[in-house]
Amino acid sequence: MIKKQIKKILKACGYTLYHTKTMPFGCDLKEDIARLSPDLNLRTIFDVGANKGQTTLDYRRKFPEAKIFCFEPVSQTFEVLKANVGLDPNVYCFNLALGEENKQDKILVQGTSGSNSISNVSKVNPSADQSLETVNIMTLDQFMAEDDHKIDQIDLLKIDTEGYECQVLRGAEATFRSEKILYISIEVTFRQQDNHHTQFSTISEMLADYNFNFVGLYDASPFWGGGNAIDYGNALFKRWEKGKNLKLWE
């Protein structure tokens, strides 16, 4: 009786209670991965575009046994990242961007903003406290090939690079082909006129070539112009594994 009253009150306030097994995909990334891969002991996470370590700290709480490899190219932001997560023995910080080739390039910098982007270097505005910084870029394939890291599989690859997502994926072709990536969490946009994020359709088509299926959308933000449309969010994709069915609903 009391439970029914609580549910009624919560529903009146705009909330819905779900049992873990019936909760819609897109509510809780950790629970969704657990439902799809109940035997997975998530061990290795890549945080590409780690910024100040916000996502790394969240993953550390959700996946306490995992090793987390953080990539942040902006020098000032990298120092903040190390201060926030660098003392954790299972977090490894790299002052690098991941991209489609090994090189140096310019990145548009505005302090330690999460909007710093290699893809928007043509939009520098000195009057807006912006500047260009030369950063090192490495392909994910090259990083995986280096003996120092000894990584057999990336259980979760998170990418938030402000429009540079396709370049990161193109630099991981060999890793994809060898099926060493299981889950990908990647920032996408659903708005046509968006110069700061990558279109969901573009990412979905690229990942389909590597047998990845869309699972759910997390941290979705409403369209700034109003209405009920979704602007952008973090899309989770899972690689289809031979002999296993991808069940999103039971």
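Read on for a plain summary of the structure. (Residues numbered from 1 in each chain as written. Predicted model: local features only at pLDDT ≥ 70, side-chain atom pairs only at ≥ 80, totals over all residues. Heavy atoms only, no water.)

Another aspect to go through is the side chain of Glu 72. Relative to the assigned elements, Glu 72 resides in the loop between β2 (67-71) and α4 (75-85). Buried and unpaired, Glu 72 has no salt bridge, with Lys 158 as the nearest side chain of opposite charge at 7.6 Å. Here the side chain of Glu 72 touches Asn 51 through a polar contact of 2.8 Å, landing on its backbone nitrogen. When near neighbours in sequence (up to four residues on either side) are disregarded, Glu 72 contacts Gly 49, Ala 50, Asn 51, Thr 77, Phe 78, Leu 81, Phe 94, Asn 95 and Leu 96. (Helix = DSSP H or I, 4+ residues; strand = E, 2+ residues; numbered from the N terminus. Buried < 20%, exposed > 50% of the residue type's maximum accessible area, 1.4 Å probe, protein only. Lys, Arg positive; Asp, Glu negative; His and termini not counted. Salt bridge = Lys/Arg side-chain N within 4 Å of Asp/Glu carboxyl O. Polar contact = N/O pair within 3.5 Å; in protein donor to acceptor, adjacent residues only side chain to side chain. Contact = heavy atoms within 4.5 Å.)

For α4, the set of buried residues is Thr 77, Phe 78, Leu 81 and Val 85. In an axial view of α4, the angular spread of the buried residues amounts to 100°, which keeps them on one side of the axis. On its buried face, α4 sits against α3 (54-62), β2 and β3 (91-94). (Arc of directions from axis to C-beta.)

Glancing now at the packing of aromatic side chains. For the structure shown, the criterion picks out 16 aromatic pairs. With a centroid separation of 4.4 Å and 15° between ring planes, the pair formed by Phe 176 and Tyr 210 is classed as stacked. Here Phe 176, found in helix α7 (residues 173-177), pairs with Tyr 210, found in the loop between α8 (200-208) and β9 (212-222); they are 34 residues apart in sequence, far enough to count as distant. Classification of Phe 176 as buried rests on a relative accessible area of 4%. Between the aromatic rings of Phe 190 and Phe 200, the centroid separation amounts to 5.3 Å while the plane-to-plane angle is 25°, which identifies the pairing as stacked. Here Phe 190 is found in the loop between β8 (181-189) and α8, whereas its partner Phe 200 is found in helix α8, with ten residues between them in sequence. Here a set of aromatic residues connected by ring pairs shows up, and it is made of Phe 46, Phe 69, Phe 71, Tyr 92, Phe 94 and Phe 143. (Phe/Tyr/Trp six-rings, centres within 6.5 Å; stacked < 30°, edge-to-face > 60°.)

We now examine the sheet that holds β9. Spatially, β3-β2-β1-β7-β8-β10-β9 is the arrangement adopted by the seven strands of the open sheet, whose pairing is mixed. The open sheet has two free edges, formed respectively by β3 and β9, since each of these has just one partner strand. Across the sheet, the mean angle separating the axes of adjacent strands is 15° when strand polarity is ignored. Relative to strand β10 (residues 230-239), β8 runs antiparallel, the two sharing seven bridges. From the neighbouring strand, Val 188 faces β10, where its bridge partner is Gly 233. In the packing of α4 onto the sheet, the strands contacted are β2 and β3, and the crossing angle to β3 comes to about 170°. (Pairing = 2+ DSSP bridges. Axes fitted to C-alpha atoms, helices over the stretch in contact; angles between N-to-C directions.)

With that settled, the discussion passes to unusual backbone geometry. Even without being glycine, Glu 179 reaches a positive phi, approximately 55°. Along the chain, Glu 179 turns up in the loop between α7 and β8. Despite not being glycine, Asp 219 shows a phi value in the positive range, around 55°. Relative to the elements of secondary structure, Asp 219 occurs in strand β9.

What follows concerns the pattern of salt bridges. If you walk through the whole model with that rule in mind, you get twelve salt bridges. Across the pair Glu 79 and Lys 82 runs a salt bridge whose closest N-O atoms are separated by 3.7 Å. Of the two residues, Glu 79 and Lys 82 are both situated in helix α4; the distance of three residues between them amounts to about one turn of the helix. We classify Lys 82 as partly exposed; its relative accessible area is 36%. Close ionic contact of Asp 105 with Lys 103 constitutes a salt bridge, the shortest N to O distance being 3.5 Å. Look at Lys 103 and you get partly exposed, because its relative accessible area is 30%. One salt-bridge network, held together by shared partners, links Asp 58, Arg 61 and Lys 62.

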